[in-house]
Amino acid sequence: MLLNLAGVLFDGVAYGSLLFLMSVGLSVTMGLMNFVNLAHGAFAMIGGYLFIQLLSVLGVPFLLALVLVFIAAAAIGWVLERTLYQRLYQATPLDQVLFSIGLTFMAVAMATFVWGPTQRSVQLPEWLTGQLHLAGLSVGVYRVFLILVVCVITLALWLLIERTRFGAKIRASVDNQVAAKGLGINVHQVFSLTFALGSGLGGLGGALGVDVLGLDPSFPMKYMVYFLIVVAVGGAGTIRGPLVAALVLGIFDVAGKYYAPNIGAFMIYGLMVVLLLLFPRGLIVRRS
């Protein structure tokens, strides 16, 4: 019984880590840039397809493919921000939502045309397959890898935003654009790089999620709600908030599907309602 519980907790943490990795980019763009980007899942989907192409078609090593996917998704995000997104920064949230949903439908149609409607999978390298035996508990090597990757990215993001000059420019540009421009900060450039960072993280999350979640053109629509739940519950614009929210929601989602399979899929939504009633501004609120 205890081993089963420990296994569920571990799988929940691994699943929550994956949710965080795919959602933290949305937290960056929505919380730090005040842009409601519902097309964030499209960057995750594109990252997943690029990852499959790099591994299966071009034979690129696994870790190098992850780096290339991050760079490619960030580059796509940068181009879209410079050409489309920046025109809507001052628009109403409704305009931003309609634009980003339209962009999502375009991405879904493009993925269907290029890669087909069927679900795709990826072949993991041998060193990421199999099980690890820890204190009598068998855990998947790939899930351990996911947790380690999220730990590294979380620390790197925190250091970037809280301890670097670029992070100070981001916070200044978000809090007061006029004052930031007066100090010589290129606000448009800062926003472009921030959006590229969020897009790159989304693409990286989509690549790492192929083996766990699968991949098909409907991916952005299926997981859009999950991304929004993590950001809304955790608090947009923070790193710790979405991390805590993703881990809690991941554990409850896995536990619900394991112990109560008939209603398990709805537990995450019930938990979301309870947490938002208790913390209407999110678990952790970004300080101005």
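Residues numbered from 1 in each chain as written. Predicted model: local features only at pLDDT ≥ 70, side-chain atom pairs only at ≥ 80, totals over all residues. Heavy atoms only, no water.

Looking up the chain in an unreviewed UniProt entry gives the name Branched-chain amino acid transport system permease protein, with the organism given as Paenalcaligenes hominis. Quoted verbatim from the Subcellular location (unreviewed entry) field of the UniProt record, the comment on the chain reads "Cell membrane". Regarding the chain, the relevant UniProt record gives this comment under Sequence similarities (unreviewed entry): "Belongs to the binding-protein-dependent transport system permease family. LivHM subfamily." (UniProt positions renumbered as here; feature names shortened; annotations may be inferred.)

Student: Help me out: how do you make sense of the layout of surface pockets in this one?
Tutor: Any empty space left between atoms is shown by rolling a water-sized probe over those atoms. If you add up the space inside the second largest pocket, you get close to 220 Å³. Looking at the second largest pocket, the residues that line it are Asp 11, Ala 14, Tyr 15, Arg 143, Leu 146, Val 212, Leu 213, Tyr 223, Tyr 226, Asp 253, Val 254 and Lys 257. Among the residues making up the lining of the second largest pocket, the classes are represented as eight nonpolar, no polar and four charged. (1 Å grid on protein atoms, 1.4 Å probe; cavity = no way out; pocket = protein on both sides within 12 Å on 5 of 7 lines; lining within 4 Å. Points joined across faces, edges and corners; volume = space filled by probe spheres on them. Nonpolar A, V, L, I, M, F, W, Y, C, P; charged D, E, K, R; others polar.)

Student: What is the right way to read the environment of Ala 65 from this model?
Tutor: Among the structural elements, Ala 65 can be located in helix α3 (residues 62-83). Of the residues examined, Ala 65 reaches a relative accessible area of 0% and is grouped as buried. Spatially, the C-alpha atom of Ala 65 lies 27 Å from that of Val 190, the residues being 125 residues apart in sequence. Leave out the neighbours within four places in its chain, and Ala 65 touches Phe 51, Leu 54, Leu 55 and Val 60. (Helix = DSSP H or I, 4+ residues; strand = E, 2+ residues; numbered from the N terminus. Buried < 20%, exposed > 50% of the residue type's maximum accessible area, 1.4 Å probe, protein only. Contact = heavy atoms within 4.5 Å.)

Student: Help me out: how do you make sense of the packing of aromatic side chains in this one?
Tutor: Each pair of aromatic rings is reported with the distance of its centres and the angle of its planes. Taken as a whole and judged by the stated rule, the model has 14 aromatic pairs. Plain terms: the ring middles of Trp 127 and Phe 145 are 5.9 Å apart, the flat faces sit at 90° to each other, and that makes the pair edge-to-face. Here Trp 127, found in the loop between α4 (93-115) and β1 (131-134), pairs with Phe 145, found in helix α5 (residues 141-163); they are 18 residues apart in sequence, far enough to count as distant. We classify Phe 145 as buried; its relative accessible area is 13%. Both rings, one in Phe 219 and one in Tyr 223, keep their centres 4.8 Å apart while their planes meet at 40°; by these two values the pair is tilted. (Phe/Tyr/Trp six-rings, centres within 6.5 Å; stacked < 30°, edge-to-face > 60°.)

Student: Help me understand the pattern of salt bridges, please; the structure alone is not making it clear to me.
Tutor: Between side chains of opposite charge, a pair can form as their charged atoms come close. Applying the stated criterion to the full structure yields two salt bridges. Put simply, Arg 143 and Asp 11 hold a salt bridge, and the shortest N to O gap is 3.8 Å. With Arg 143 in helix α5 and Asp 11 in helix α1 (residues 2-33), this pair connects stretches of sequence that are 132 residues apart. By relative accessible area, which is 30% here, Arg 143 ends up partly exposed. Taking the shortest distance from any N to any O, the salt bridge between Lys 222 and Asp 216 comes out at 3.0 Å. (Salt bridge = Lys/Arg side-chain N within 4 Å of Asp/Glu carboxyl O.)

Student: What is the right way to read the packing of helix α9 (residues 219-234) against helix α10 (residues 240-259) from this model?
Tutor: Any two packed helices are characterised by the angle at which their axes cross and by the distance between the axes. At a closest axis distance of 8 Å, the pairing of α9 and α10 adopts a crossing angle of 125°. Overall, the two elements α9 and α10 adopt an arrangement that is oblique. In the crossing of α9 with α10, the sense of the turn from one axis to the other is right-handed. Of α10, the residues touching α9 (which contributes Tyr 226, Ile 229, Val 230, Val 233 and Gly 234) are Gly 241, Pro 242, Ala 245, Ala 246, Leu 249, Asp 253 and Lys 257. Considered class by class, the residues forming the contact of α9 with α10 number eight nonpolar, two polar and two charged. (Axes fitted to C-alpha atoms, helices over the stretch in contact; angles between N-to-C directions. Parallel < 35°, antiparallel > 145°, perpendicular 65-115°, else oblique. Left-handed = near helix turned anticlockwise from the far one by under 90°.)

Student: How do you make sense of helix α2 (residues 40-57) when you look at a structure like this?
Tutor: One turn of the α-helix equals 3.6 residues, which is why residues spaced by three or four share an orientation. Here α2 contains 18 residues, and its C-alpha end-to-end distance of 26 Å stays within 8% of the 26 Å for a straight helix at 1.5 Å per residue. In terms of residue burial, α2 counts as a mostly covered element, since 14 of its 18 residues are buried. (Expected span 1.5 Å × (residues − 1).)

Student: Looking at this structure, I do not really get the UniProt feature "transmembrane region" (unreviewed entry) in the chain. What am I missing?
Tutor: UniProt's feature table lists "transmembrane region" (unreviewed entry) at residues 6-28, 35-56, 62-85, 97-115, 135-161, 225-252 and 258-279, given in the numbering used throughout. Note that residues 6-28 is 100% helix and 0% strand, and that its end C-alpha atoms are spaced 32 Å apart. Secondary structure over residues 97-115 splits into 100% helix and 0% strand, and the C-alpha atoms at its two ends are 26 Å apart.

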